[in-house]
Every structure is written in structure tokens, then in C-alpha cells.
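Residues per chain, in single letters:
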Amino acid sequence: MGYAHEYATAVMRRGRIPMEPADFVPNWSDRPRKGKFFPGAPVLPLPDGGCADDATLGRGLFGPRGTGAFSLPLLGAMLRDSYGLTGRRLAVQANSDLGSLPFHTHANWSRGTSSGGGLYPIGIHWISGASGPLAPGVHYYDTPRNAFARTLSGDVTGEVRAALGDLEEAAGTDQFLVLGVTFWQNAFKYNSFSYHVVTMDIGALLQTWRMWARAHGLHIGGALWFDEPRLGRVLGLDPEEDGVFAVVPLTWEKTDENDAGREAAPATPGARVRHVPDERSRRVLTFPTVHAIHAATLEGAADRPAPGTLDSALVTPPGPGERVALPAPLALDATVRRALRERRSSFGRFTAAAPLDPARLSAALAAAVAAGTLDTDAETPGAAPLTRQYVFVNHVQGIAPGAYEHDRETNELVLMKPGDFGGFLQENYFLANYNLEQAAAVLVPAARTHAVLDTVGDRGLRLVNAVIGATAQAVYTASSAAGMGCGVALGFDCVSFAEELGLAERGEIPLLVMMIGNEAPRPAGYRFDIVAP
């Protein structure tokens with residue numbers, strides 16, 4: 001058993017046994033930037049390709065894999081819609097940061113993709129070869145300016161292909177998005193817990209891209225297994241303080257100018273970015289647990305699991321119990337752009353005064369099922385997902401309160417325990433920003449984390465958490481399109497939930513709580529959009 005088993009267990013028990021350092025207090029006055037700043041790097045503003053009229057969320061969540069090709073305007077639109085700053089919102093709600101948000105120095109700008117704690121630590125690097133619209137190089141996505149900071153000039157796509165090994169999707173392209181994380185950008189708040197959070201953030205962003213691409217007739221897959229140290233050297237990353245978590249090959253449009261028949265660039269060992277990011281924090285702390293789990297997930301990083309390796313760790317069929325048929329999911333006709341722009345956390349605004357339409361619950365569950373796979377290099381297409389959805393029903397029209405599991409094949413709820421679980425839900429939630437009893441339903445995705453680690457090694461922790469993060473993003477976005485509130489949280493007693501649902505026999509760990517429901521009418525708030533949805 002590797003260290004990832006120990007880390008996953010510590011995360012599960014953190015509600016009862018705090019992770020070290022237990023006495024840690026964030027220094028908010030010395031927090032790092034959300035993103036990186038490269039002084040002196042040339043900045044290239046991105047065009048915004050807009051959204052096609054038929055780019056609906058329903059097509060993105062449930063549509064087929066696209067066969068189209070990216071262009072610079074489409075790439076710019078996807079980046080803005082997913083991780084770029086889209087506006088500022090202030091509202092009367094129950095989160096603990098409410099008192100500071102009206103001040104400009106504490107402004108929290110909205111984005112299409114959710115992030116643990118609203119920290120947004122992912123660095124997006126576009127590594128472009130000769131077939132692209134710009135001179136080959138490495139470009140960092142500057143979220144405040146919706147622009148690329150050029151950190152290297154020259155074609156290093158041969159290094160990316162060498163790091164990816166035999167990945168089929170990499171063979172025919174020289175355009176790649178590479179996702180990296182500087183741990184301090186999350187650890188300053190979450191210390192040892194940060195690795196758990198950032199791996200979910202990776203999945204949330206990949207899921208946004210996956211939905212956006214499918215809605216536009218494109219395809220986004222992702223590689224989680226590759227020679228990470230090699231790519232880290234190209235990007236100039238500190239191997240202990242930074243990680244490269246995913247590589248996304250892009251199918252690029254062919255034009256007379258980009259000469260699709262040219263030879264692929266060779267590997268260029270030793271090439272690395274020349275611009276160094278400026279650190280805002282005066283004091284950067286390190287955490288031994290983060291170093292240990294990162295080192296563990298680097299073991300065998302380039303040894304991609306063979307097809308079918310994960311099959312024994314996938315979810316099993318539902319158990320026995322009274323079944324409740326759900327209606328067809330509410331149609332999600334909103335465009336992906338609008339759904340992402342409207343996405344937000346409810347933060348205590350739920351109300352049980354009006355029970356939820358079950359078609360909306362069905363839509364949230366369908367989104368969770370669709371996000372049960374991320375089209376990554378370790379997953380088998382068409383296989384069962386890594387996650388199962390449990391549902392605590394509080395206030396849904398025509399469905400008795402109780403604890404259920406969702407049968408993804410039949411779209412039915414299978415009753416596990418009848419009764420009112422509102423008290424249990426609130427007692428086992430750590431924070432004061434949600435009243436879980438007022439939510440219409442609480443969805444709890446669970447996975448067989450330890451079984452995954454046994455089959456593919458410690459790096460499997462990244463895959464499990466990425467799929468959970470993808471599930472959160474899909475449910476958030478579907479809730480936005482369905483006109484209902486949503487909130488996602490990690491601050492719950494995982495052990496109590498596992499015991500209440502009897503998950504030990506299945507070897508499953510509950511990893512998230514996702515609240516959905518109606519919100520109180522006429523909320524007080526302010527909203528400013530940088531670009532209209």
C-alpha cells in the first residue's frame with residue numbers, strides 16, 4: 001500500500017482527527033495571487049469567438065463526442081467561459097466572507113468553473129507548435145486580462161509528445177493545454193488538505209471544457225499519466241512546489257498557412273521557459289504532507305494503465321430496495337455560456353417553502369452520471385463510472401424523505417432508509433454557510449478510492465478526485481440551466497455519512513455534498529458583468 005491510501009484515509013477522518021498542522025491559521029494579508037504574474041512577458045490579447053446558437057448545455061452534457069477542430073477564437077471563447085473573469089457579484093448570503101467582499105481589495109470575481117474555496121489555483125499553459133496561428137511557443141493564460149503571456153518562444157511540442165508516450169490523441173497534433181498547480185496558491189488556506197482540493201479543481205475545469213467542447217462539436221480528452229518531471233522542466237516548475245496534473249491535446253483547424261503535412265517537431269531536451277513568475281507572498285510555507293502525497297503520485301507517472309485495468313474498481317450495481325421512478329430530466333436548453341455565467345453557490349439561500357420539481361432533481365442526477373467519466377487516458381470508454389450518487393431527499397414533490405441511491409441505468413431512486421435526515425445532515429456539516437435541511441436534496445458522490453489505488457497505484461488518487469470535481473461542476477452548471485440553486489461543500493463528516501449509508505461493505509468513500517433546491521425569492525444583491533452572457 002502506498003502513501004495515497006494513508007492520505008485518503010486522513011482526508012476521510014479529518015472531521016474527527018484534524019490533519020497536521022492542526023493549529024494552522026491562514027495569513028490572509030500575505031495570501032498569494034490567484035494565478036501567476038510574469039513580469040516582462042509579452043502579452044497577447046485573446047479574441048472571443050462567441051457561442052453558436054445551438055451550443056446548448058444539454059448537447060454538451062449528453063451529446064456525442066465532437067469531430068470539429070479548434071481555432072484561436074474558439075480557444076479564446078472556451079478559456080474565457082471556463083476560467084476567465086466574467087463579473088463581480090455581491091449578495092446577502094451566509095458565507096463567512098460576506099463582510100469583506102464589498103471592499104475592492106477583497107473582490108471575488110465570478111468565473112464559469114467552480115473552485116474549492118474560490119481560490120482558482122490552476123495554471124493553464126498553451127504549448128503551441130507550427131500548425132498554430134501564432135509563432136510556436138509556451139503561453140500562460142492570464143485570467144484577469146483574458147490574454148496569453150508568452151513565456152517561451154520556440155517549438156517544444158516534441159517534448160510534450162515525448163512526455164505523453166504512446167497516447168494516440170497526441171500523435172496527430174502539436175497543440176496542447178497543460179494544467180499545472182503551484183501548491184502554495186491553495187495550501188496558504190488549506191495546508192495539508194490542499195492536495196485533495198486542487199485535484200478536484202483539475203476535474204472541475206476539465207469537465208467545463210468537456211461540456212463546452214461537445215456543445216460546439218469539438219472534443220476534449222485528457223491525459224493524467226505522463227512523464228511529469230519532463231513537462232515540469234519545460235515549464236520551469238519547482239518539482240516539489242509545483243505539479244503538472246493534466247495534458248489536453250487539441251485537434252486544430254487545418255489551413256493552407258499551417259501546412260498540415262509538415263513534420264512534427266523533434267524533442268528538445270533542456271528547453272524551458274525563460275520568464276519566472278513573481279511571488280506576491282512575503283513568506284511561502286511548505287507542508288510535509290503535501291510533499292509526501294505529491295511524491296507518491298509521481299511514482300509511475302509515465303506508466304499509463306492498460307485498458308480495462310480499472311474495471312475491478314468501478315461501481316457495482318445498486319442494492320435491493322423500494323424503487324421510485326424519476327421523470328425525464330428537465331431539458332437544459334440554455335447555452336453553455338449562459339449556464340456558466342449564471343453558475344454560483346447558493347450559500348444559505350435555500351428554502352423549503354416550495355418543494356422541488358422532481359424533473360429538476362432528475363436533471364442534476366443525469367448531469368452527475370454524465371460526468372462519471374472524464375474521457376481520460378486511464379478510463380475505458382463505455383465502462384461503468386468511478387462514482388455512485390447517493391441522495392438525501394428532503395423536499396421533492398412526490399418523493400418521500402429518505403436516503404436513496406441512484407440507479408443510473410433506470411433513472412430510479414432505490415430507497416436505503418426512509419425518514420427525515422435534515423437533523424443528521426446539519427449536525428454533520430462543519431460550517432454555518434448552509435442549512436442542509438432547507439435544501440430540497442443533498443447529492444453525495446462516492447467512489448471506491450482504495451480499490452482504485454490498489455489497481456493503478458497512488459496516481460489514481462488524482463483520477464478519483466478529478467472525477468468528483470467534474471461531477472460537482474456538471475451539477476453546478478446543470479442547476480444553473482435548470483433554474484435552481486446549488487451549493488457544493490467539502491466540510492462534512494465523511495465517516496458519519498459512510499456509516500449512515502453503510503458504505504463499508506462496498507468499499508466506497510463519500511467525497512462531497514452537493515445541495516440543490518429552490519432559493520428564497522427576491523434576493524438582495526448586485527451584479528456586474530464584464531461581458532454579457
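Anyway, here's the lowdown on the structure attached to this text. (Residues numbered from 1 in each chain as written. Predicted model: local features only at pLDDT ≥ 70, side-chain atom pairs only at ≥ 80, totals over all residues. Heavy atoms only, no water.)

### Brief notes about helix α3 (residues 72–83)
Every α-helix carries 3.6 residues per turn, so stepping three or four residues along brings you back to the same face.
Now for step 1: The terminal C-alpha atoms of α3 lie 16 Å apart, and with twelve residues this matches the ideal 16 Å at 1.5 Å per residue to within 8%.
Now for step 2: With ten of twelve residues buried, α3 lies mostly within the body of the structure.
Now for step 3: Leu72, Leu75, Gly76, Ala77, Met78, Leu79, Arg80, Asp81, Ser82 and Tyr83 are the residues of α3 that are buried.
Now for step 4: Looking at the buried residues of α3, the elements they touch are β4 (122–128), β5 (137–142), β6 (147–153), β7 (175–182), α7 (194–215) and α10 (336–342). (Helix = DSSP H or I, 4+ residues; strand = E, 2+ residues; numbered from the N terminus. Expected span 1.5 Å × (residues − 1). Buried < 20%, exposed > 50% of the residue type's maximum accessible area, 1.4 Å probe, protein only. Contact = heavy atoms within 4.5 Å.)

### A few points about the environment of threonine 387
Now for step 1: With respect to the helices, strands and loops of the structure, threonine 387 is situated in strand β10 (residues 387–393).
Now for step 2: Distance in space between the C-alpha atoms of threonine 387 and glycine 525 is 36 Å, their sequence separation being 138 residues.
Now for step 3: The contact partners of threonine 387, leaving out residues within four places of it in the chain, are Val315, Gly372, Ala446, Ala447, Val467, Ile468 and Thr471.

### Quick word on the nonpolar core
Now for step 1: Membership of the largest hydrophobic core comes to 141 residues, with the highest contact counts inside it found for Leu75, Ile124, Trp209, Leu361, Phe392, Leu413 and Ile516.
Now for step 2: Sort the elements by how many residues they give to this core and helix α14 (residues 460–482) lands first, with 14 residues.
Now for step 3: Not counting the four nearest positions on each side in its chain, leucine 361 is found in contact with Leu326, Leu356, Val391, Val396, Ile399, Leu413, Ala441, Leu443 and Ile516.
Now for step 4: Ile127, Phe176, Ala223 and Leu231 belong to the second largest nonpolar core, which has 20 residues in total. (Core = buried A, V, L, I, M, F, W, Y, C linked by side-chain atoms within 4.5 Å.)

### Re the sheet that holds strand β2 (residues 87–91)
Now for step 1: As summarised here, the arrangement of the three strands in space is β3-β2-β17, forming an open sheet in which the pairing is antiparallel. If you trace the sheet from one side to the other, it starts and ends with β3 (109–110) and β17 (525–529), each paired once.
Now for step 2: Note that β2 and β3 share two bridges and pair antiparallel. Looking at β3, one finds that glycine 87 is bridged to serine 110. (Pairing = 2+ DSSP bridges.)

### Remarks on unusual backbone geometry
Now for step 1: Following glutamate 20, the chain continues into proline 21 via a peptide bond in cis, with omega recorded as -5°.
Now for step 2: Checked against the element boundaries, proline 21 lands in the loop between α1 (3–12) and β1 (43–45).
Now for step 3: In this structure, tyrosine 120 is a non-glycine residue whose phi angle is positive, near 50°.
Now for step 4: Note that tyrosine 120 resides in the loop between β3 and β4.
Now for step 5: Note on tyrosine 120: relative accessible area 7%, which makes it buried.
Now for step 6: Of note, the phi angle at aspartate 375 is positive, near 60°, even though the residue is not glycine.
Now for step 7: Tracing the chain through its elements places aspartate 375 in the loop between α11 (358–370) and β10.

### Considering the environment of phenylalanine 392
Now for step 1: Along the chain, the position of phenylalanine 392 falls in strand β10.
Now for step 2: If near-sequence neighbours (up to four positions away) are discounted, phenylalanine 392 is found in contact with Gly402, Ala403, Phe421, Phe424, Leu425, Ala440, Ala441, Val442, Val444, Phe497 and Leu501.

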